[in-house]
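The chain contents come next:
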Amino acid sequence: MSPTFVSLECLGFFLVQGIWAHAGGHHKPSLSARPSPVVPQGNHVSLRCHSHPGFNMFRLYKEDGAHVPELRSRIFQSNFLMGPVTATHAGTYRCHGFYLSSTSMWSALSDPLVIVVTGVYRKPSLLAHPSPLVNSGGNVTLQCVSEIVFESFILILHREGETEDPLRLVGKLHDGCSQANFSMGPVTPAHAGTYRCYGSANHSSYEWSAPSDPLDIVITGLHRKPSLSVQRGPMVRSGENVTLSCSSEIPFDVYHLCREGEACGHRLPTVRSHHGALGADFPVGPATCGGTYRCYGSVRDSLYEWSAPSDPLFLCVTGNSSTSRPPPTEPSSNT
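Please read these numbers as outputs of a predicted model, since none were measured by experiment.

Time to look at the pairing of strand β10 (residues 125–129). Residues Leu126 and Ala128 point to one face of β10 and are all buried, whereas Ser125, Leu127 and His129, pointing to the other face, are not buried. As paired strands, β10 and strand β12 (residues 140–146) are joined by five bridges and run antiparallel to one another. Across the sheet, the residue bridging to histidine 129 is threonine 141, located in β12.

So this is what it looks like as structure tokens:
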């Protein structure tokens, strides 16, 4: 299809649209994308046009005029499956409805729907300063960094099956990399969840990089602290196995164990001990070096909303268990 033909076709559409709207035409339909308007390159997306009263046919339009072959003179009933998507599919879409028996009667245009295509560039990195564990009411900065010079960075929060509206910041050069610092605070439970960031260029603001690795932001201090203890005392021999027990009077569903300087990767469900107490036993070992541990509690429906931390427990590791005892003495000839 030549550019001239596309321009005339679009001009004709908007003229008829204006006449029909002026004459008191039908309400505009709604346009949505499933599973998401943010689509990884190579995947498919289903665009759904819906209206009241129900038109039986629909047509899609891409506002920037880029050539999308499957849209050419294509009409459909309610759903339109698009893909595998490429950078060409990124842009703003609208739809209108009409009756197949009367193609001159069109609805108003839907509100615009932006389709973003990701994976066009390499992924950036996402870091949390000072820590991804943030006390309620505190502050945290999420830093998105890339060796690719992006004009802007986009930060998206995913929590409990929902995706929040993206935040966009201008990228700035620092030490040869482009980066953006998203400052948040005072934080509340609404800030908790999994974050990813993307980079984009100004000439293609709907073409994003691959997503960064996910970063979980956890809000702490929302419940009273649990207690952390160690069986057989906090001093253990190198190579020994040790168990750290986290418990609380509050009926938590899950307990989390963190070692200072490391990510909190240990999580166990609550169980009832033979003494009737609720808690979790974390096996640690074979012990090779000491460290400071803390534990937290959370409920099942809010895994990113934790209690205050337990008092710190320092685990002291002494010499190797096989060499810490003096060797047996051989009997002498004088004995």
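The tally for this structure, following the rule as stated, stands at eight salt bridges. Here aspartate 213 makes a salt bridge to lysine 123, at a shortest N to O gap of 2.8 Å. Of this pair, aspartate 213 sits in the loop between β19 (204–208) and β20 (215–220) while lysine 123 sits in the loop between β9 (113–118) and β10, and the two are 90 residues apart along the sequence. Note on aspartate 213: relative accessible area 49%, which makes it partly exposed. Where arginine 294 meets glutamate 260, a salt bridge forms, and the shortest distance between an N and an O atom there is 3.5 Å. Remark: glutamate 260 occurs in the loop between β24 (254–259) and β25 (266–269) and arginine 294 occurs in strand β28 (residues 291–298); sequence separation between them is 34 residues.

The omega torsion of the bond from glycine 83 to proline 84 falls at 0°, within 30 degrees of zero and hence cis. Within the fold, proline 84 resides in the loop between β6 (79–82) and β7 (91–99). Following histidine 129, the chain continues to proline 130 via a peptide bond in cis, the omega torsion being 5°. For proline 130, the location among the structural elements is in the loop between β10 and β11 (133–135). Its identity as a non-glycine residue notwithstanding, aspartate 175 has a phi of 55°, on the positive side.

This paragraph deals with the confidence of the model for the chain. On average, residues of the chain score 82 in pLDDT, and 82% of them are at 70 or above. Throughout residues 1–25 the model reports pLDDT below 50, and contacts reaching past four residues in sequence, or to other chains, amount to 19 contacts. Counting interchain partners and residues more than four positions distant, the pLDDT-below-50 stretch residues 321–335 has five contacts.

Our next topic: the side chain of threonine 194. Within the element layout of this structure, threonine 194 appears in strand β18 (residues 193–201). A distance of 2.7 Å separates a polar atom in the side chain of threonine 194 from a polar atom in the side chain of aspartate 216.

Okay, the sheet that holds strand β17 (residues 177–184) next. Taken in spatial order, the four strands line up as β10-β12-β17-β16 in an open sheet, and their pairing is antiparallel. In this open sheet, the two edge strands, each paired with only one partner strand, are β10 and β16 (172–174). Averaged over neighbouring strand pairs, the angle between their axes works out to 35° when direction is ignored.

Time to look at the environment of isoleucine 115. One can find isoleucine 115 in strand β9. Its relative accessible area of 0% is what places isoleucine 115 among the buried residues. Separated by 78 residues in sequence, isoleucine 115 and proline 37 place their C-alpha atoms 4.9 Å apart. Dropping the residues within four chain positions of it, isoleucine 115 is found in contact with Ala33, Pro37, Val39, Leu47, His89, Ala90, Gly91, Tyr93 and Tyr206.

Attention now moves to the sheet that holds strand β26 (residues 271–272). With respect to topology, four strands assemble into an open sheet ordered β21-β23-β27-β26, the strand pairing being antiparallel. Only two strands of the sheet have a single neighbouring strand rather than two, namely β21 (227–230) and β26. Strand direction decides the pairing type here: strand β23 (residues 242–247) and strand β27 (residues 278–284), joined by six bridges, are antiparallel. By the bridge assignment for β27, valine 242 is matched with valine 284.

What you see with β21 is a clean split: Leu228 and Val230 sit on the buried side and Ser227 and Ser229 on the side with no burial. Sheet analysis places β21 next to β23, joined by four bridges and oriented antiparallel. Counted as the bridge partner of serine 227 is serine 247 from β23.

Thresholds, definitions, all that
- Per chain, residue numbering runs from 1 following the sequence as it is written.
- Given that the model is predicted, a residue must reach a pLDDT of at least 70 before its local features are reported, and side-chain atom pairs must reach 80 or more before they are shown or counted; all residues, however, enter totals for whole chains, interfaces and linings.
- Remark: hydrogens and water are excluded; side-chain values derive from all non-hydrogen atoms of the structure.
- The cut-offs for exposure are 20% and 50% of the maximum accessible area for each residue type, with area from a 1.4 Å probe on protein chains only; residues under the lower value are buried, those over the upper are exposed, and the others partly exposed.
- Secondary structure elements are taken from DSSP: a helix is a run of H or I of four residues or more, a strand is a run of E of two residues or more, and numbering for both begins at the N terminus.
- When DSSP finds two or more bridges between two strands, those strands count as paired.
- Within this document, salt bridges are pairs made up of a side-chain nitrogen of Lys or Arg and a carboxyl oxygen of Asp or Glu, the two lying within 4 Å of each other.
- pLDDT is a per-residue confidence score from the predictor, ranging from 0 to 100.
- In what follows, residue pairs with any heavy atoms lying within 4.5 Å of each other are defined as contacts.
- What qualifies as a polar contact is a pair of N or O atoms within 3.5 Å, subject to a donor-acceptor requirement within protein and to the restriction that residues adjacent in sequence count only when both atoms come from side chains.
- For helices, the fitted line uses only the C-alpha atoms of the stretch in contact; every axis is such a line through C-alpha atoms, and the angle between N-to-C directions lies from 0 to 180 degrees.

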